[in-house]
Every structure is written in C-alpha cells, then in structure tokens.
Amino acid sequence: MKQPYLKNDLLLRTVRGEKTERTPVWLMRQAGRILPEYRAVRAQLSGFVELVKTPERAAEVTIQPVDILGVDAAIIFSDILVIPEAMGLPYEMVESRGPVFPRTISSKADINRLKVADISDDLAYTPEAIKLVKKELDGRVPIIGFAGAPWTIFAYMIEGSGSKTFSKARAMLYTQPDLSRQLLSMITESTIRYLKAQIAAGADIVQIFDSWAGILPSAHFEQFSLPYIQQICKAITEVPITVFAKGAYASLAQVGQLPCTTVGIDWNTEIPHARSVVGSTKVLQGNLDPAALYAGFNQIKQATRQILDAFGPYQHVANLGHGVYPDISPDHVRCFIDTVKEYSTSMRE
C-alpha cells in the first residue's frame, strides 16, 4: 500500500538509514497525563478504558502532543492490555494503582477459556482511531502503532496487576513451561493480527514494548520472550518495526539481531555499549533519563546535548529511556524537544 505524502517524514527516513537534516524526536507516553488538555478530555469520560475505546477521543489525545509539544510523530493512544481483554481476560485501570485483572490465568482450563483475538469484533476501536488520526493529521507527521511484547502481556495475565517481581508469572515459566508457551503463542498470534490491523488503518511504523524484559534471567528472556518477538517481527513486513526491551542488558546483542529496523534502549544502557553490541545496521532510539526532565532548563539542555553527542548525528531517534512521568511539566518536555531540534541541526552544519 503506497503511503501518502508526509510533510515531516524525518522519523521514517531515519529508520530507513537515510541521512537527515536533524534527529527526529518523540516521547513514549507523550499522549497522556503531562498535558492539561489530555486531562480535560479524560475528565469527560468514565476513565482510561473508555477513552481507549472511544475512537474520536483517542484520536484527539493522540494528536495533542503534535500540536502542543511539536513532536515528529504521533503514537496512537491505547494500552498494551487491550490484547488480553480481546482474548477474553478483561482489565480495569484503577487510579493510583494501575491495571488490575479481576481474573487471572493459572491453569490449562483458564487458557482454554481464552481465544486468539478477533480484531474486527474485539479491537476495532484502535484501527478506527488510527484512521481518524490519519485524516486529521493530513500528512503532518507519521503515526506510530504499538503493542506489548508477548512476555510482558503474559506477565500481567498471570500476575493480575503490576508487580515488583512478577513472581507468579516467572514461576509459571519454571513449573509449567509448555503451558506458558501455549499462552505466549496465543498472545503472539493476537498481536500480529492487531499490528497488521493498525498498519492497514494507516500506522506508518510500529513499536513492540517489552516493558518487563529486564526481570527475566537472560536464559528465560531468550527462551520465553525473544522467539515470540522475532515471530512478530518476521510477520510484519509492511512497515518499519522498533523493539524496546527494557532492562534486557545481557541480551541486547540478540535483540539487535532481530529483523527490526530500530532498537530502543533505556536510560541505564550505555550508548557506546549499545552501539557496539547492536551493530551499525540498526537505528537506536532513546535514551534520556525521564527524571532528567525534573531539572532546570539549562540542565535539561546539557543532558540532551550529551546524549545527542553520544549517539552521533545519524541512526538515532531521540526519545526518553522510558515513558515520560505524569507530573513533569510540559514546558520541560518542550525544552527537551526544542533542544533536540536545535542541537541536532547544528551537529550537521
């Protein structure tokens, strides 16, 4: 499918390995609680889940950071946990606690009650929101689609909520490995269908978030996470793919060998190390410490210039090393974005 003309295609040219006039910049969780405009929209609804499932409102908050912050891409407003819900395991978003699953998975009987997601029946709201964003943006910037990596989704489905250890999910890998693989395969197939629906609706690039990669020992990451991400990457041939496996330091070289265009790195990863183990063929994305945005403007500018110097002028998408924290001032976020634009332009002069 031929993509429409984009007025700002910096992100896509960068991930294709082209030399560009400056470094593209966007932020994970840029459409969210840092913006008063987002909070105003959410206040009109029953909560987060209704916002995700209402295409017109999800599209509205997706576009807000493009207008307000000046980022180089719009990432569709959604949540990684729409996949387990579409498979038959609904979740709730509890204020100040995060996602909670009233039911969890612990046995083969539980898995047998699940299904591979039917996108047209269970997840049509996300592709519909992407279509609305595509129309409204009219080629101003590309649209990023996304999904959670199968291990991260698995962890929530077993544990029932966020956790410091995800001990139940990790225990299942040891005690019921075959059952774990069955569930991971179902999540993987659901995710492939979901991402392909996002692409068909107009997503120009997609990102896989393995938020809990870092809690696995490397042997388990390479057995229970990496193969399923690889399966997704091999299936998605229509657009570029970014893989962000937070905390998977020992397996970063293996992540770099995935059939993806871009590897996201978190703020604890040394940039020279990432480049050396990932290699020269992949674009790197990241990796300013989100907490750096609490600092004053001069400190933010200095920290931003330092990471841009470390990455160099090409093969880099500027971002944070994880999602922006909800209590950070939008003015501080804008300082980061503006510094990336100004300094990365000067690096090429």
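To keep things clear, this report deals only with the structure shown in the data block. As a convention, each chain's residues are numbered from 1 in the sequence order in which they are written. With the structure being a predicted model, the display of local features is reserved for residues of pLDDT at least 70 and the display and counting of side-chain atom pairs for 80 or more, all residues being used for whole-chain, interface and lining totals. Excluded from the side-chain calculation are hydrogens and water; included are all heavy atoms of the structure.

This paragraph deals with the sheet that holds strand β6 (residues 241-245). Reading across the sheet, the seven strands line up as β1-β4-β5-β6-β7-β8-β9 and stay open at both edges, with parallel pairing between neighbours. The outermost strands of the open sheet, each flanked by one partner alone, are β1 (74-75) and β9 (316-320). In this scheme, strands are said to pair when DSSP sees at least two bridges between them. Labels follow the DSSP assignment, with helices taken as runs of H or I lasting at least four residues and strands as runs of E lasting at least two, numbered in each case from the N terminus. By the bridge criterion, five bridges tie strand β4 (residues 143-148) to strand β5 (residues 205-210) in an arrangement that is parallel. Bridged to F146 within β5 is Q207. Strands β5 and β6 of the sheet are contacted by helix α13 (residues 226-235), whose axis makes an angle of about 175 degrees with β5. What makes two residues a contact is simply this: any of their non-hydrogen atoms within 4.5 Å. Every angle, taken between N-to-C directions, lies between 0 and 180 degrees, and every axis is a line fitted to C-alpha atoms, over only the stretch in contact when it is a helix.

Quick look at helix α10 (residues 167-175) now. Given 3.6 residues to a turn, an α-helix orients residues that are three or four positions apart in the same direction. Under the scheme applied here, a residue whose accessible area is under 20% of the maximum for its type counts as buried, over 50% as exposed, and between as partly exposed, the area being computed with a 1.4 Å probe on protein chains only. Residues of α10 that are buried include every one of A169, M172 and L173, and no others. End-on view of α10: buried residues confined to an arc of 100 degrees, all on one side of the axis. Residues of α10 that are exposed and point more than 90 degrees away from the buried face comprise K168, Y174 and T175. The secondary structure elements touched by the buried residues of α10 are α9 (150-159), α11 (177-201) and α12 (218-224). Taken from the helix axis, the directions to the C-beta atoms give the arc we talk about.

Where helix α2 (residues 36-43) contacts helix α4 (residues 55-68), the axes come no closer than 10 Å and their chain directions differ by 170 degrees. Here α2 is positioned roughly antiparallel relative to α4, judged by the angle of their axes. In contact with E37, Y38 and V41 of α2, α4 contributes R57, E60, V61, Q64 and I68. A per-class count over the contact of α2 with α4 returns four nonpolar, one polar and three charged. With respect to orientation, any angle under 35 degrees is reported as roughly parallel, any angle over 145 as roughly antiparallel, any angle of 65 to 115 as roughly perpendicular, and every other angle as oblique. In this classification, Asp, Glu, Lys and Arg are treated as charged, Ala, Val, Leu, Ile, Met, Phe, Trp, Tyr, Cys and Pro as nonpolar, and every other residue, Gly included, as polar.

Right, let's get into the layout of surface pockets. Of the two site types, the cavity is a set of points on a 1 Å grid over the protein atoms alone where a 1.4 Å probe fits but cannot get out, and the pocket is an open set with protein on both sides within 12 Å along at least five of seven lines, each lined by residues with an atom within 4 Å of a point. Grid points are joined across faces, edges and corners, and a volume is the space filled by probe spheres set on the points. Estimated volume of the largest pocket: approximately 1,300 Å³. Around the largest pocket, the lining comprises 42 residues; the ones closest to its centre are R29, R33, F48, D79 and M93. For the lining of the largest pocket, the elements supplying multiple residues, two or more each, are α2, β2 (92-94), β3 (98-100) and α9. Of the residues belonging to the lining of the largest pocket, the class tally is 22 nonpolar, 13 polar and seven charged.

Extensive coverage of β5 is indicated by the burial of six of its six residues. Of the pairings in the sheet, the one linking β5 to β6 comprises five bridges and is parallel in character. Looking across to β6, one finds that V206 is bridged to I241.

Here we come to the packing of helix α8 (residues 125-137) against α11. Running from amino to carboxyl end, α8 crosses α11 at an angle of 25 degrees, the nearest separation of the two axes being 8 Å. Between α8 and α11, the crossing angle belongs to the class labelled roughly parallel. With respect to the hand of their crossing, α8 and α11 are arranged in right-handed fashion. On α11, the residues that touch T126, P127, I130 and K131 of α8 are Y194, A197, Q198 and A201. The hand of a helix crossing depends on one turn: near helix anticlockwise from the far one by less than a right angle means left-handed, and clockwise means right-handed.

Before going further, it helps to examine unusual backbone geometry. Between G286 and the following residue, N287, the backbone shows a cis peptide bond with an omega angle of -15 degrees. Structurally, N287 is set in strand β8 (residues 283-288). The phi dihedral of F166 falls on the positive side, at around 50 degrees, and the residue is not glycine. Position of F166 relative to the elements: it lies in the loop between α9 and α10. If you check the backbone angles, Q315 has positive phi at about 55 degrees while not being a glycine. As for its placement among the helices and strands, Q315 is situated in the loop between α16 (297-311) and β9. By relative accessible area, which is 26% here, Q315 ends up partly exposed.

With that settled, the discussion passes to the pattern of salt bridges. In what follows, salt bridge is the name for a side-chain nitrogen of Lys or Arg lying within 4 Å of a carboxyl oxygen of Asp or Glu. Using the criterion set out here, one finds 15 salt bridges in the structure. In this structure, the salt-bridge partner of R57 is E60, at a minimum N-O distance of 3.9 Å. Of this pair, R57 and E60 both sit in helix α4, separated by three residues, roughly a single helical turn. Residue classification places R57 among the partly exposed positions, given a relative accessible area of 23%. Judged by relative accessible area, E60 falls into the partly exposed class, the value being 37%. Across the pair K196 and E238 runs a salt bridge whose closest N-O atoms are separated by 2.7 Å. Of this pair, K196 sits in helix α11 while E238 sits in the loop between α13 and β6; the two residues are 42 residues apart in sequence, bridging distant segments of the chain. Exposure remark for E238: the relative accessible area of 43% places this residue in the partly exposed category. Put simply, D9, R13 and E21 are held in one network by salt bridges that share partners.

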